[in-house]
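Spelled out, the chains give:
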Amino acid sequence: MKNVLQKSSNIWLTGASSGIGEALTRALVADGHKLVLTGRRPEPLQSLQQLASDRISVAAADTTSSDDLVTIAPVLESHGPLNMAILNAGTCDYVDIANYSSDVIGNNIITNVMGTARSLDIALPALRRARAEGEPATLVIVSSSAWWLPFTRAEGYGASKAALSYLGHCLRADLAPEGIDVVVVSPGFVKTPLTDANDFPMPFIVTAEQAAERIVSGLKKGHRDISFPKRFTWAMKLLGALPQPVVDRMAAAMARQSAANASK
C-alpha cells in the first residue's frame, strides 16, 4: 500500500479536542497538512486553531447527531478535495456487573459505532469527490486492541471496538474498487483524559503524543492496520490465539483479581 499521507493533505479529524485527537492535530499541523477539526466542545478546538489559523477550520459537532454532522459538509467542501477522514471520536464506559445496566453498553455503541457510522454519511461523499478529481482518498477508523481479549468490565467498550474493526475491514473490501483506502488503527493503552479515570494497571501505556507519532508514521509507511505498542499488541494477539477455555480462565482470573482489589 502506498503512502496515504501525501504532502499538504486535506484532512477531517473527529474527536480532535483532547487525547489522541489533540495530539494528532498537533502532529499533522506540524507536518504541513490542512485540517477540519470536529469535537463536541468548541473551546478546545478554537484553541487548537491558533496553531495555524490559515490551515485549520473548526466544525464543532456531536458525531452521534446527524443534524450536527450535516452542518460540517459545507466546511469540508470549502477546504477542497478531502484526502483523508480520521474518525477518532469515542468514549469508554465500563460495566459494573453487580449493577448491570444496558445503558452502559448503549453509550459505548452509540458514541463509538454509530458516531463513526454517521460520520461516514458525510465522509464518504467527500472522499468520493476527491477520487473523481484524481486525488488520493483514505478513510482512517480509530478502533482499539481491547477487543482482542476479554477484559473485566469491558463488555460495552470491547464490543463497540470489535464492531468498529469489523466495519473498517468490510469497508476496505467494498471501497477498494473505488480507490479509497481504509486504515484501521488499534492502539493499546494511551494516556488520555479517558484512561486517567481507569483504576487498574495499564501495561506498556504510551502518551497521546507517542500514539499520534505512530499513527502518522504508519500512514506514511502505507500500513493498512496500525497497532501499537508492539510489545502489548503482540502479547494480546498471542493470548487471544490460545484455546478458548484457557482465555476464559485468564479473563475470569482477571475479573476476580479486579473485584478483590476493589473490595480493599
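Provided above is the structure to which this section pertains.
Our subject in this report is the structure included herewith. What you see is a predicted model; the values in this text were computed from it and never measured.

**Notes on the pairing of strand β6 (residues 180-187)**
Counting buried positions along β6 yields 8 of 8 residues, so the element is predominantly enclosed. Burial of the side chains of β6 extends over both faces: Ile180, Val182, Val184 and Ser186 are buried on one face and Asp181, Val183, Val185 and Pro187 on the other. In this sheet, β6 lies alongside strand β5 (residues 137-142) in parallel orientation, the contact comprising 6 bridges. Bridge assignment links Val142 to a residue of β6, and that residue is Val185. Handedness of the β5-helix α6 (residues 155-175)-β6 crossover: right-handed. Sheet analysis places β6 next to strand β9 (residues 225-228), joined by 4 bridges and oriented parallel.

**What to know about the sheet that holds β6**
Read from one edge to the other, the open sheet built from 7 strands follows the order β3-β2-β1-β4-β5-β6-β9, with strand pairing classed as parallel. If you trace the sheet from one side to the other, it starts and ends with β3 (56-58) and β9, each paired once. Across the sheet, the axes of successive neighbouring strands diverge by a mean angle of 15°, strand direction being ignored. Packed on one face of the sheet, α6 meets β5, β6 and β9 and runs near 160° to β6. Of the strands in this sheet, β6 and β9 are in contact with helix α8 (residues 230-240), which crosses β9 at around 105°.

**Side note on the nonpolar core**
If you look at the biggest cluster of nonpolar residues, it comprises 32 residues, and the most contacted ones within it are Leu24, Leu37, Met84, Ile86, Val185, Leu219 and Phe228. When near neighbours in sequence (up to four residues on either side) are disregarded, Leu24 contacts Leu13, Ile86, Ala212, Ile215 and Val216. Counting residues in hydrophobic clusters, the runner-up holds 25 residues, among them Val36, Ala59, Leu175 and Val182.

**As for α8**
Because each turn of an α-helix spans 3.6 residues, side chains separated by three or four positions end up pointing in the same direction. Taken together, the buried positions of α8 are occupied by Phe232, Thr233 and Met236. Each buried residue of α8 sits inside an arc of 90° when the element is viewed along its axis, so together they form one side. For α8, the exposed residues set more than 90 degrees away from the buried face come down to Arg231, Trp234 and Leu238. Buried residues in α8 make contact with β6 and β9.

**Looking at the side chain of Ser119**
Here Ser119 is to be found in helix α5 (residues 102-132). Excluding anything up to four places from it in sequence, Ser119 contacts Trp12, Thr14, Thr63, Leu69 and Leu87.

**Quick word on the packing of aromatic side chains**
For the coordinates displayed, the defined rule picks out 1 aromatic pair. Each ring, one from Phe189 and one from Phe232, has its centre 5.4 Å from the other, and the planes form 50°; the classification is tilted. Of the two residues, Phe189 is situated in the loop between β6 and β7 (190-191) and Phe232 in helix α8; the sequence distance between them amounts to 43 residues. Overall, Phe189 belongs to the buried group, its relative accessible area being 15%. Just above the ring of Tyr94 sits the side chain of Arg153; from NZ or CZ to the centre is 5.4 Å. Between Lys237 and the ring centre of Trp234, over which it is positioned, the NZ or CZ distance is 5.2 Å.

**Concerning the packing of α5 against α6**
Their axes nearest at 8 Å, the elements α5 and α6 cross at an angle of 20°. Looking at the two axes, α5 sits roughly parallel to α6. For the crossing formed where α5 meets α6, the hand is right-handed. Taken together, the residues of α6 that come into contact with α5 (itself represented by Ile105, Asn108, Ile109, Asn112, Val113, Thr116, Leu120, Leu124 and Arg128) are Glu155, Gly156, Tyr157, Ser160, Lys161, Ala163, Leu164, Leu167, Leu171 and Leu175. Among the residues forming the contact of α5 with α6, the class breakdown is 11 nonpolar, 5 polar and 3 charged.

Calculation rules
Residues numbered from 1 in each chain as written. Predicted model: local features only at pLDDT ≥ 70, side-chain atom pairs only at ≥ 80, totals over all residues. Heavy atoms only, no water. Buried < 20%, exposed > 50% of the residue type's maximum accessible area, 1.4 Å probe, protein only. Helix = DSSP H or I, 4+ residues; strand = E, 2+ residues; numbered from the N terminus. Pairing = 2+ DSSP bridges. Right-handed = clockwise from strand over helix to strand, strands pointing away. Axes fitted to C-alpha atoms, helices over the stretch in contact; angles between N-to-C directions. Contact = heavy atoms within 4.5 Å. Core = buried A, V, L, I, M, F, W, Y, C linked by side-chain atoms within 4.5 Å. Arc of directions from axis to C-beta. Phe/Tyr/Trp six-rings, centres within 6.5 Å; stacked < 30°, edge-to-face > 60°. Lys NZ or Arg CZ within 6 Å of the ring centre and 35° of its normal. Parallel < 35°, antiparallel > 145°, perpendicular 65-115°, else oblique. Left-handed = near helix turned anticlockwise from the far one by under 90°. Nonpolar A, V, L, I, M, F, W, Y, C, P; charged D, E, K, R; others polar.

Without other data, these values stay purely geometric and don't point to any function.
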